[in-house]
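Tertiary structure, described
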There are 2 protein chains.
Amino acid sequence: MPRNTKGSQRERELVNLFHINGWAVIRAPASGGATDRELPDILAGNGNLFVAIEAKTSGGDPIYLSHEEVRALLYFARNFGATALIGVRFDAEYGDPHYANDDDSGSRFFEPDGCYRTESGSSRVKKDVAFESGRRLGDLGGC
Amino acid sequence: MPRNTKGSQRERELVNLFHINGWAVIRAPASGGATDRELPDILAGNGNLFVAIEAKTSGGDPIYLSHEEVRALLYFARNFGATALIGVRFDAEYGDPHYANDDDSGSRFFEPDGCYRTESGSSRVKKDVAFESGRRLGDLGGC
């Protein structure tokens, strides 16, 4: 599946995850903006919390976000008045215990400052780190 | 110009209006959502205020929003934690004093409860009412 298609499908799944958990959620348009402003993939609110999310998915390899992606996410979130979050999901492998009884379909969330920073300035999330220390949707209240 | 094209252009102009006034703003995707949830046209925040906007434009005739449109706007806004607003703009006519020195390009905002309700339950905004009692972007702080 082409990356963009997979990314869009992933974003729609994440929108649904927020929706079924009672959040109001909106996905940024893929294109057609009047400017070249960088937008987060998803913006969600639950009446109390507001989150701007850059969503990434992976088959298993570590997920990287460039310094520019993180900077743009933080900039939008601060202007809007939302918490910036990196939303990651690694594809499930057959029998992987991480996904047993996981109502969040393996989605985990990190504040950008909580991610490992590479020497080049990119933010990295490995699969084991995602499941060990990533926050679940139901735990975002602690942001 | 087809209505949808005109509507999209109007939404982009409204996005820009918020943007140049320092708001972080996102436009709902035209399609491609995973569900049939009704979304507002625009969601914007300035670090303090959050507004969900249904945007309408007119050449001069009164603007109508159906009961269902207003209900969906209020539902999303309440869930998200934003103020629901109807954003209207009437096309400028040559020499129309309403548009002289109007930094907002004639855009005015109403809370749904502030609109005239027709017998059928639709909300109506006439051009003269828009300029007499509509709120300008800079005055949204009083929402």
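Below or above, wherever it landed, is the structure these notes cover.

1. Thoughts on the pattern of salt bridges
Residues and elements named next belong to chain A. Using the criterion set out here, one finds eight salt bridges over all chains in the structure. In this structure, Glu13 and Arg89 form a salt bridge, with 2.9 Å as the shortest nitrogen-oxygen distance. Here Arg89 lies in strand β5 (residues 83–90) and Glu13 lies in helix α1 (residues 3–20), a separation of 76 residues in the sequence. Glu13 sits in the partly exposed class, given a relative accessible area of 29%.

2. Thoughts on the relation of the copies chain A and chain B
Expressed as a screw operation, the relation of chain A to chain B combines 0.0 Å of axial shift with a rotation of 180 degrees, fitting to an RMSD of 0.0 Å. Overall, the copies show the geometry of a two-fold rotation axis. The C-alpha atom lying nearest the rotation axis in chain A is that of A:Pro29; the distance is 2.2 Å.

3. Quick notes on the sheet that holds strand β2 (residues 42–45) of chain B
Residues and elements named next belong to chain B. Read across the sheet, five strands follow the order β1-β2-β3-β5-β6 without closing on themselves; strand pairing throughout is mixed. Two strands close off the open sheet at either side, each with one partner strand: β1 (24–27) and β6 (108–110). Averaged over all neighbouring strand pairs, the angle between strand axes comes to 30 degrees, with direction disregarded. With eight bridges connecting them, strand β3 (residues 50–58) and strand β5 (residues 83–90) associate as parallel partners. The residue bridging Ala52 from the neighbouring strand is Ala84, located in β5. Helix α2 (residues 67–80) rests against β2, β3 and β5 of the sheet, and its axis sits at about 160 degrees to β3.

What counts and what doesn't
Residues numbered from 1 in each chain as written. Chains lettered and ligands numbered in written order. Predicted model: local features only at pLDDT ≥ 70, side-chain atom pairs only at ≥ 80, totals over all residues. Heavy atoms only, no water. Salt bridge = Lys/Arg side-chain N within 4 Å of Asp/Glu carboxyl O. Helix = DSSP H or I, 4+ residues; strand = E, 2+ residues; numbered from the N terminus. Buried < 20%, exposed > 50% of the residue type's maximum accessible area, 1.4 Å probe, protein only. Least-squares fit on C-alpha atoms with pLDDT ≥ 70 in both. Pairing = 2+ DSSP bridges. Axes fitted to C-alpha atoms, helices over the stretch in contact; angles between N-to-C directions. Contact = heavy atoms within 4.5 Å.

Geometric values such as these leave the question of function open.
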